[in-house]
Amino acid sequence: MLKVQNYINGNFHDPLSDEWLDNYCPSDGKIYGITPNSSREDVENAYIAAQSAFPVWSQTTLEKRSQILLKISELLENNLQEFAAAESKDNGKPIHVAKSIDIPRAASNFRFFAHAITQFSSESHHTTGENAINFTLRQPLGVVGCISPWNLPLYLFTWKIAPAIAAGNCVVAKPSEITPATAFLLGKLCNQAGLPKGVLNIVHGLGKTTGQAIIKHPDIKAISFTGGTKTGTHIASVAGPMFKKMSLELGGKNPNIIFADCDYNNMLETTVKSSFANQGQICLCGSRIFVEASIYEKFKEDFVNKVKKLKIGHPSNNETDIGAIVSKSHLNKILSYIDFAKKNHNILSGGHVVSIKNYENGYYMEPTIIEVNSNDCDLNQEEIFGPVVTIIPFEKEDEVLQMANQVKYGLSATIWTNDLTRSMRLSHQIEAGVVWVNTWMLRDLRTPFGGTKASGVGREGGFEALRFFTQSKNVCIKY
Ligand code: NAD
């Protein structure tokens, strides 16, 4: 049995309330561990530890901070196997995905911000004619809160923590209660890397108890949140009136726009990934596929054939393409959309739950392709966040642009075309924070990352993250 504990002031603790949550393994449906459901008092202890560590950490040299972050990154790489196995078991994702994407990216997050902080500088402005010089300090905020979701557990957790501590803040962090395992393991590595006690504190529990205590804490200065749009709306309503700084990375319903002049084979292969990687549980997945009419029938046939070949199986099997859905309730939510599709649309492939021998109680389902007759239907307007995509043909560029933008979300978009002018025109007009042309999920950690509309506010990545986790103070000196 895995017993997750809170990591506060460098030590591991049971929750003060002694309240625990069961931890389910999605690949077999069994309970395999327990996780604290931390109370306001636990969050307060985490805050006190962070607040006590802040005066020294915020004055620690950049070189020292950078060295510690690099050490954490190195330790993550050295413990790749253990972390990948834990992530796969907790989340249901294929182990080869955890090994090649999730954990390496978590290590990169620490390494990237270890380097970035040494290059982050303040500006100065000479005010000509006034004999004055202005310089702008960028000071850490103090104690900040980081809250992350279950789909890319350690990847997204560290994407927040690394810039926060690199910039000199101390952190109270909460991973998703559905996937707490790797965040728990991270605490041990932070101690080994020599991260001073209290700089990072990890409290586990439900959003409505532990998460709520973080966002309502009067002295936590900022909230960096990744999760659903509904939760983001709630967080904004609580933290906004307290004037906390907020970065909200929320849901998506991303268009994947395919023109006839694209590099077809590359598009087809990538579209299988952008549809079903991580069981379709990536906020950047292209879940609405729009295909130019002249290649629609060919694409439909080729796409369905390729998707039918994907292997659904136990996450520990290296041959598995599609692992388990993260939880039973999430599987049921996805299936409710499929029931709706059965009545109103054309399911081209998939749509059923799958029973895996010896793991019959696991949460498996087929990757599903649905042909819809309009962009207005729920299947094209609501985030399903599972292995389900819709396809629909279009005739004209204007028509597809209108459909792509006709949705409340605006996280990412993918465009497949070899017409440079068209790609420039569409990239400019599309309502999304991230646009990929002839690729998908190609990430350079220096670039701004985040969404528009109901996909959130604020940007992560590169200096944007370091700006978020610092506040500017301008000093004007007259000489
Ligand atoms: P969620 O909103 O249910 O939970 C996210 C986190 O918020 C969890 O840690 C949860 O415990 C916490 N939380 C819930 N209620 C809270 C409250 N009242 N106060 C404080 N914290 C609270 O989201 P989820 O189901 O874990 O994740 C899936 C969602 O995340 C999808 O909508 C997906 O699109 C989104 N997502 C977005 C991005 C992005 O970068 N934009 C990345 C990954 C996932």
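Given the structure is predicted, the values throughout are model-derived calculations rather than measurements.

**Examining the overall build of the protein chain**
For step 1, the next point in the chain: A tally of helices and strands in the protein chain yields 15 helices and 25 strands.
For step 2, the next point in the chain: Computed over C-alpha atoms, the radius of gyration of the protein chain comes to 23 Å, within 12% of the 23 Å expected from 2.2 N^0.38 for 479 residues, which places it in the range of a compact globule.
For step 3, the next point in the chain: The principal-axis extents of the C-alpha atoms in the protein chain amount to approximately 70 × 65 × 40 Å.
For step 4, the next point in the chain: Taking contacts inside the protein chain between residues at least 6 apart in sequence as the whole, the part at least 24 apart equals 72%.

**As for the sheet that holds strand β1 (residues 2-3)**
For step 1, the next point in the chain: Spatially, the 3 strands line up as an open sheet ordered β1-β5-β4, and their pairing is mixed. A single partner strand is all that each edge strand has here, and the edge strands are β1 and β4 (20-25).
For step 2, the next point in the chain: Inspection of the sheet shows β4 paired to strand β5 (residues 30-36) by 6 bridges, in the antiparallel sense. Across the sheet, residue Tyr-24 finds its bridge partner in β5, namely Ile-31.

**Overview of the environment of Asn-151**
For step 1, the next point in the chain: Here Asn-151 lies in the loop between β8 (143-147) and α5 (153-166).
For step 2, the next point in the chain: Residues Asn-151 and Gly-227, 76 residues apart in the sequence, show an inter-C-alpha distance of 9.2 Å.
For step 3, the next point in the chain: Those residues within four positions of Asn-151 in sequence are excluded, and the remaining contacts are Asn-278, Gln-281 and Ile-282.

**Examining the UniProt feature "active site" (unreviewed entry) in the protein chain**
For step 1, the next point in the chain: Under the present numbering, the feature "active site" (unreviewed entry) in UniProt falls on Glu-249.
For step 2, the next point in the chain: The buried category is assigned to Glu-249, around which 27 C-beta atoms lie within 10 Å.

**Points about the sheet that holds strand β13 (residues 255-258)**
For step 1, the next point in the chain: Spatially, the 7 strands line up as an open sheet ordered β15-β18-β19-β14-β13-β21-β22, and their pairing is mixed. The strands lining the two open edges of the sheet, one partner per strand, are β15 (346-349) and β22 (434-437). Each adjacent strand pair in this sheet contributes to an overall mean axis angle of 25°, direction not counted.
For step 2, the next point in the chain: Pairing analysis gives 4 bridges linking β13 to strand β14 (residues 288-292), with the strands arranged parallel. Across the sheet, Pro-255 pairs through a bridge with Arg-288, a residue of β14.
For step 3, the next point in the chain: Those strands touched by helix α10 (residues 293-308) are β13, β14, β15, β18 (368-371) and β19 (388-394), and its axis lies near 135° from that of β14.

**A word on the packing of helix α2 (residues 62-78) against helix α4 (residues 95-119)**
For step 1, the next point in the chain: Contact geometry of α2 with α4 gives a least axis separation of 8 Å together with a crossing angle of 165°. One way to sum up the angle between α2 and α4 is to call them roughly antiparallel. Viewed along their axes, α2 and α4 form a crossing whose handedness is left-handed. The residues of α4 that touch α2, namely those facing Leu-62, Arg-65, Ser-66, Leu-69, Leu-70, Ile-72, Ser-73, Leu-76 and Glu-77, are Ile-103, Ala-106, Ala-107, Phe-110, Arg-111, Phe-113, Ala-114, Ile-117 and Thr-118.
For step 2, the next point in the chain: Residue classes in the contact of α2 with α4 are distributed as 12 nonpolar, 3 polar and 3 charged.

**Things to note about the domain arrangement of the protein chain**
For step 1, the next point in the chain: Along its sequence, the protein chain is carved into domain 1 (2-250 + 455-478) and domain 2 (255-444).
For step 2, the next point in the chain: Here domain 1 and domain 2 have C-alpha centroids that lie 30 Å from each other.
For step 3, the next point in the chain: Between domain 1 and domain 2, the residue contacts involve 17 residues of the former and 22 residues of the latter.
For step 4, the next point in the chain: Every element with two or more residues in the side of domain 1 that touches domain 2 is listed here: α3 (80-91) and α4.
For step 5, the next point in the chain: Ranked by residues supplied to the side of domain 1 that touches domain 2, first place goes to α4 with 3 residues.
For step 6, the next point in the chain: Among the residues forming the side of domain 1 that touches domain 2, the class breakdown is 7 nonpolar, 8 polar and 2 charged.

**Some thoughts on helix α8 (residues 229-239)**
For step 1, the next point in the chain: Of all the residues in α8, the buried ones are Thr-231, Gly-232, Ile-235 and Ala-239. The buried residues of α8 occupy one face: seen down the axis, they fall within an arc of 100°. Turned more than 90 degrees away from the buried face of α8, the exposed residues are Lys-230, Thr-233 and Ser-237.
For step 2, the next point in the chain: Against the buried residues of α8 lie α7 (207-216), β11 (222-226), β12 (245-249) and β24 (456-457).

**A short note on the packing of α7 against α8**
For step 1, the next point in the chain: Interaxial distance between α7 and α8 falls to 10 Å at its minimum, and their mutual angle equals 40°. Overall, the two elements α7 and α8 adopt an arrangement that is oblique. Crossing angle aside, the handedness with which α7 passes α8 is right-handed. Across the interface between the two elements, Gly-207, Ile-215 and Lys-216 of α7 pack against Thr-231, Ile-235, Val-238 and Ala-239 of α8.
For step 2, the next point in the chain: A per-class count over the contact of α7 with α8 returns 4 nonpolar, 2 polar and 1 charged.

**Comments concerning the pairing of β19**
For step 1, the next point in the chain: For β19, the buried fraction is high: 5 of the 7 residues fall into the buried class.
For step 2, the next point in the chain: Relative to β19, β14 is paired through 5 bridges, and the arrangement is parallel. Bridge pairing in β19 places Val-291 opposite Pro-393.
For step 3, the next point in the chain: Pairing analysis gives 4 bridges linking β18 to β19, with the strands arranged parallel. The residue bridging Glu-371 from the neighbouring strand is Ile-391, located in β19.

Conventions used here
- Residues numbered from 1 in each chain as written.
- Predicted model: local features only at pLDDT ≥ 70, side-chain atom pairs only at ≥ 80, totals over all residues.
- Helix = DSSP H or I, 4+ residues; strand = E, 2+ residues; numbered from the N terminus.
- Rg over C-alpha atoms; globule rule 2.2 N^0.38 Å.
- Contact = placed C-beta atoms within 7 Å.
- Pairing = 2+ DSSP bridges.
- UniProt positions renumbered as here; feature names shortened; annotations may be inferred.
- Buried ≥ 20, exposed ≤ 12 C-beta atoms within 10 Å, placed from the backbone.
- Axes fitted to C-alpha atoms, helices over the stretch in contact; angles between N-to-C directions.
- Parallel < 35°, antiparallel > 145°, perpendicular 65-115°, else oblique.
- Left-handed = near helix turned anticlockwise from the far one by under 90°.
- Nonpolar A, V, L, I, M, F, W, Y, C, P; charged D, E, K, R; others polar.
- Domains from an automatic or database assignment.
- Arc of directions from axis to C-beta.

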